[in-house]
Amino acid sequence: MIKINIKAIILIAGLLLSGVVCADVLSDEQQQAQGEPSSQNKPEEASSVLALSKHIMLNALTYVGVQYKWGGESAITGFDCSGFVRAVFLKAVGITLPRTAMEMSRIGTPVQLDDLLPGDLVFFKNARGNFAHVGIYIGMDRFVHAPQTGSSIQIENLDNKNYLKRFTGGRRVSN
């Protein structure tokens, strides 16, 4: 039996309509007409980062609604925040990330809030100032994460004051 995640489908459709996930499907002529360089002129690295980020983001959205479970690493039994992020990266792009948010905060390239791209990791501190939570940025100031016991994987706004005051930075992971 195929399980369909309606929330994820609606969000993906909205992102497609808003242009967040469709930039690389335009033909070279359409890109040039919009003042963008053609794919032949784009640096290979930028193209691969964009492709990776979209795979990560779209894969993350398929888990919206899966239950939170402390220490969880499975869509069937549930995920905690780092288990969710780890599963997404492994499935979407074949990258095995460390197990905890703290360990994940030490890999990749640091990214400032204004420079986040879909697929970047976003980190949040606890009351002691430690990297205690991780999610995946999906664009339009939103991220997807496994928040806490009793909830499920969901999409939040980064500009929510609870998350904004705890935001400690982003990381871009590539292979």
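A brief look at the structure comes next.

Quick look at the nonpolar core
- Of all hydrophobic cores here, the largest spans 29 residues; its most connected members are F84, V85, F89, L121 and I136.
- Among the elements of the structure, α3 (44-61), α4 (81-93), α5 (101-104), β4 (121-125) and β5 (131-139) are those that each provide at least two residues to this core.
- The element that contributes the greatest number of residues to this core is α4, accounting for six residues.
- Ignoring anything within four residues of it in the chain, the contact list for L121 reads V85, F89, L97, M104, L116, V134, G135, I136, G169, G170, R171 and V173.
- Among the nonpolar cores identified, the runner-up in size contains nine residues, and V111, V122, Y163 and F167 belong to it.

Structural notes on α4
- Taking 1.5 Å of rise per residue, 13 residues should cover 18 Å, and α4 covers 18 Å from first to last C-alpha, within 8% of that figure.
- Within the sequence span of α4, burial applies to C81, S82, G83, F84, V85, V88, F89 and V93.
- Backbone geometry just downstream of α4 places G94 in the positive-phi region, at approximately 70°.

Parameters and conventions
- Residues numbered from 1 in each chain as written.
- Predicted model: local features only at pLDDT ≥ 70, side-chain atom pairs only at ≥ 80, totals over all residues.
- Heavy atoms only, no water.
- Core = buried A, V, L, I, M, F, W, Y, C linked by side-chain atoms within 4.5 Å.
- Buried < 20%, exposed > 50% of the residue type's maximum accessible area, 1.4 Å probe, protein only.
- Helix = DSSP H or I, 4+ residues; strand = E, 2+ residues; numbered from the N terminus.
- Contact = heavy atoms within 4.5 Å.
- Expected span 1.5 Å × (residues − 1).

This is a description of form; function is not addressed.
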